[in-house]
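# Examination of the molecular architecture
One-letter residues, chain by chain:
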Amino acid sequence: MFKEKYSILVCNSWEQLEISVPVCSSLQVPALQLHMSKTAMRASQKDFESALSQVKRLKDPGNEVKLKLYALYKQATEGPCNTPKPGVFDLINKAKWDAWNALGSLPKETARQNYVDLVSGLSSSSDSSSQVKPEADRKQPGYETLVVTSEDSITKIMMNRPAKKNAITIQMYNEIMLALKAASKDDSAITVLTGNGDYYSSGNDLSNFTDIPPEGIEEKAKSSAILLRDFVDCFIDFPKPLIAVVNGPAVGISVTILGLFDTVYASSRATFHTPFSHLGQSPEGCSSYTFPKIMGPAKAAEMLIFGKKLTAAEACAQGLVTEVFPDSTFQKEVWTRLKAYSKLPPNAMRISKQVIRNREKEKLRAINAEESRALQERWLSDECTNAVMNFLTRKAKL
Ligand SMILES: CCCCC/C=C/CC(=O)SCCNC(=O)CCNC(=O)[C@H](O)C(C)(C)COP(=O)(O)OP(=O)(O)OC[C@H]1O[C@@H](n2cnc3c(N)ncnc32)[C@H](O)[C@@H]1OP(=O)(O)O
């Protein structure tokens, strides 16, 4: 709905039409080139009055459309612009004056009809947008391991292998990179990564190591290190606010990359576990740098070297998690919060993120490359091979 002030003013004093975001003095209101058919010329006073009351029931159409409506209303009721031009610092009144003045000598009847047409167009688009489609229909095509949706200015990337605890396969690494690249260019304000089912993610799918190409194990380790580096770089470079909605336990790489997110919300059921030594491996996701920075070297060592599992409350106390919500209200509370944040000016949020993060980017890329090289060697070690075989033959779990 229009803001209260706006809907009242629609009927009464259009002089005071409120525009809720700053309007630049150079705002150009495009010349109105509304279609005028023979029928269009027949808008009666009754049609006009009905459009005036209809406008109050519409969703806020944005400042540009409000200005068009304002200008047409003034032209239809008073004729061509007849008031002195407001001063250059009177931004809102100047934008309104410009919009009205841009209509020149458009006849009152035509302005009235154009107003009716504009409101009718807005009503039909608002009717269709108010029908909420089920998530299955809103889901973006082209992903097999993810469900990607965009609405309310939020792109949600949901890992979708609940039966495998959202373990990340080679295909899922590639799809997450694709989804992040698309989200960086779409018109959403914020991007969310979450998991479907009881886990956020159990980390790298350990069967990724079983698919050895004819070139041999060294080649497998090399291509995996490249994939890992590219995957983590996508998080380092992501330009918009990136939020993790950690719906359940998180393991391995799904934990380490949290240090590259802007905000991490966790369910009280979530745990954070990086059992690298147990697996004969070493830290990735830039955690060798971000974790000591976030929680101090002693606490980071307990996690990254000794594999200490943190509860959500502990991870929050150490600064890895922004806020913990009770599991029973987790989804409701988090999405209400995120919907409110997504309405903030997107460019300001993007620039703020860049100001916070940009100076570290080169360093993070170098750290990522170094961690990936170390892992490339680790994957060829007996310690790692044995640990993976033990899991795959079900001799060991975390
Ligand atoms: C390109 C390469 C990049 C590499 C980057 C490196 C990253 C490092 C890491 O991420 S290290 C972390 C690796 N992850 C693990 O070690 C977790 C292994 N999984 C477990 O220990 C357990 O499955 C569990 C504790 C996560 C959950 O135990 P639970 O008993 O609740 O459930 P199940 O074990 O029965 O799991 C259900 C099915 O899911 C399969 N599965 C779960 N996690 C993984 C995984 N990481 N890799 C492969 N498969 C996984 C599990 O095997 C079950 O499958 P099944 O039903 O077919 O038996």
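I will try to describe carefully the structure that is included in this document.

The rules behind these values
Residues numbered from 1 in each chain as written. Predicted model: local features only at pLDDT ≥ 70, side-chain atom pairs only at ≥ 80, totals over all residues. Heavy atoms only, no water. Salt bridge = Lys/Arg side-chain N within 4 Å of Asp/Glu carboxyl O. Helix = DSSP H or I, 4+ residues; strand = E, 2+ residues; numbered from the N terminus. Buried < 20%, exposed > 50% of the residue type's maximum accessible area, 1.4 Å probe, protein only. Core = buried A, V, L, I, M, F, W, Y, C linked by side-chain atoms within 4.5 Å. Contact = heavy atoms within 4.5 Å. 1 Å grid on protein atoms, 1.4 Å probe; cavity = no way out; pocket = protein on both sides within 12 Å on 5 of 7 lines; lining within 4 Å. Points joined across faces, edges and corners; volume = space filled by probe spheres on them. Nonpolar A, V, L, I, M, F, W, Y, C, P; charged D, E, K, R; others polar. Pairing = 2+ DSSP bridges. Axes fitted to C-alpha atoms, helices over the stretch in contact; angles between N-to-C directions. Expected span 1.5 Å × (residues − 1).

What follows concerns the pattern of salt bridges. Pairing between side chains of opposite charge can happen when the charged atoms of each approach one another. Applying the stated rule across the entire model yields 15 salt bridges. For Glu78, the salt bridge goes to Lys74, with nearest N and O atoms at 2.9 Å. Within this pair, Glu78 and its partner Lys74 are both found in helix α3 (residues 63–78), separated by four residues, close to a single helical turn. Judged by its relative accessible area of 2%, Lys74 falls in the buried class. With a closest N to O distance of 3.3 Å, Arg229 and Asp230 form a salt bridge. Since its relative accessible area comes to 30%, Asp230 is described here as partly exposed. Among the charged side chains, a network of salt bridges with common partners joins Asp237, Glu362 and Arg365.

Attention shifts here to the nonpolar core. Core analysis: the largest hydrophobic core is formed by 62 residues, its most contacted members being Phe235, Val246, Phe261 and Phe272. The element that contributes the greatest number of residues to this core is helix α8 (residues 217–237), accounting for nine residues. Setting aside its immediate chain neighbours within four residues, Phe261 contacts Leu193, Tyr200, Phe235, Leu242, Ile243, Ala244 and Arg357. Listed in part, the 26 residues of the second largest apolar core include Leu52, Leu69, Leu72 and Ala111.

This next bit is on the layout of surface pockets. Empty space within the largest pocket amounts to approximately 1,000 Å³. Taken together, 42 residues line the largest pocket, and the ones lying closest to its centre are Ser202, Asn204, Asp205, Leu206 and Phe391. The element that contributes the greatest number of residues to the lining of the largest pocket is α8, accounting for four residues. The residue inventory of the lining of the largest pocket, partitioned by class, reads 23 nonpolar, eleven polar and eight charged.

Strand order across the open sheet formed by six strands is β1-β2-β3-β4-β6-β9, with mixed pairing between neighbours. Looking at the sheet topology across the chains shown, the edges are occupied by β1 (146–151) and β9 (323–325). Averaged over all neighbouring strand pairs, the angle between strand axes comes to 20°, with direction disregarded.

The next subject is α3. Spanning 16 residues, α3 covers 22 Å between terminal C-alpha atoms, matching the ideal 22 Å at 1.5 Å per step. Counting buried positions along α3 yields twelve of 16 residues, so the element is predominantly enclosed. Three or more residues of α3 are buried, namely Asn63, Val65, Lys66, Leu67, Leu69, Tyr70, Ala71, Leu72, Tyr73, Lys74, Gln75 and Ala76. A positive phi of about 85° marks Gly79, the residue just after α3.

Note that every value here comes from positions in space, so none of it alone points to a role or purpose.
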